[in-house]
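Overview (structure and organization)
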Amino acid sequence: MENTGPNPKPLQGIVMAWPSNDGKAFAIRLQLPDGDLDLELDDTMLKQLVQALLESSEACVPKRTDLMPIAQVELNSGVLLPASSLDVLPLAGDSEGRRLVMRVGTIDLNLVIDSRATATALASALVA
C-alpha cells in the first residue's frame, strides 16, 4: 500500500448509513467541507476499505506520539462492535496455529494466532 498521497479534504462527519435498495450493499453519507458525498459499498468494497484503513493506521503508528500503551486504553475510548459469530479454526498444515474468525455485521475478521493456548484463551475471553 502507498504511504504517501495527495492532501485530502478533512472528513467532517459520517451523517448516516443505510441498506441499499437490493439489500446486498449499504450506503453511507460522508460530510465534507464542500458538501455531502453518498457512497454505496458492497461487501467486497467494504472489506477493501477496512483493509486500507487498517494498513494506513499501521503505517502511521511509528509517527504517532499520542498513543497510550494498549493496557491503559479505556473502554469508552474504543469502538464497540458486537460480534454476531465467533469460531476458532486450525490453520491448514499447522498443528499449533489457529485462526480466530469473528463476524461483525457482514465482515468476517480473521486473526491468525500461532499458539493453540492463546487462541483458546482469547476465544474463551471473548465469549465469557
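For the structure, see preceding data.
Summarised in this report is the structure supplied together with it.

What counts, and at which threshold
Residues numbered from 1 in each chain as written. Predicted model: local features only at pLDDT ≥ 70, side-chain atom pairs only at ≥ 80, totals over all residues. Heavy atoms only, no water. Helix = DSSP H or I, 4+ residues; strand = E, 2+ residues; numbered from the N terminus. Buried < 20%, exposed > 50% of the residue type's maximum accessible area, 1.4 Å probe, protein only. Contact = heavy atoms within 4.5 Å. Areas by Shrake-Rupley, 256 points an atom, 1.4 Å probe, with all protein chains shown as cover. Lys, Arg positive; Asp, Glu negative; His and termini not counted. Charge placed at Lys NZ, Arg CZ, Asp CG, Glu CD. Polar contact = N/O pair within 3.5 Å; in protein donor to acceptor, adjacent residues only side chain to side chain. Core = buried A, V, L, I, M, F, W, Y, C linked by side-chain atoms within 4.5 Å. Salt bridge = Lys/Arg side-chain N within 4 Å of Asp/Glu carboxyl O.

**What about the overall build of the chain?**
Of the regular secondary structure elements, the chain holds two helices and six strands. For the chain, the α and β elements follow one another from N to C terminus as β-β-β-α-β-β-β-α. Its C-alpha atoms give the chain principal-axis dimensions of about 55 × 45 × 30 Å. Looking at the chain residue by residue over its 128 residues, the buried ones come to 15%. Here the analysis covers contacts within the chain between residues at least 6 apart in sequence; of these, 13% occur between residues at least 24 apart. A total of about 10,200 Å² of accessible surface is found on the chain, and carbon and sulfur atoms cover 57% of it. Side chains of the chain give 10 positive and 17 negative charges; the mean places of these two sets differ by 3 Å.

**Some thoughts on the side chain of S20**
Structurally, S20 can be placed in the loop between strand 1 (13–19) and strand 2 (25–32). At 2.7 Å, the side chain of S20 forms a polar contact with the side chain of D22. Apart from the residues lying within four places of it in its own chain, the contact partners of S20 are A25, F26, A27 and E40.

**What to know about the nonpolar core**
Judged by nonpolar contacts, L100, M102, V104, I113, A119 and A123 together constitute the single largest core of six residues. Contributions of two or more residues to this core are made by strand 5 (98–104) and helix 2 (116–127). If you tally residues by element for this core, the top one is strand 5, at three residues. Those residues in contact with V104 that sit more than four places away from it in its chain are L81, P82, A83 and L109. If you look at the next biggest cluster of nonpolar residues, it comprises five residues, including I28, L30, L46 and I107.

**Examining the pattern of salt bridges**
Within this structure, the stated rule accounts for four salt bridges. K9 is paired through a salt bridge with D34; the nearest N and O atoms lie 2.6 Å apart. In this pair, K9 is assigned in the segment before strand 1 and D34 in the loop between strand 2 and strand 3 (35–42), connecting sequence segments 25 residues apart. Accessibility assignment for this pair places K9 and D34 in one class, exposed. Notably, a salt bridge pairs R64 with D66, separated by 2.8 Å at the nearest N-O pair.

**Here we look at the environment of S77**
Inspection of the secondary structure puts S77 in the loop between helix 1 (43–60) and strand 4 (85–90). Taking the relative accessible area as the measure of exposure, S77 reaches 52% and is therefore exposed. Side-chain polar atoms of S77 contact the backbone oxygen of E74, separated by 2.8 Å.

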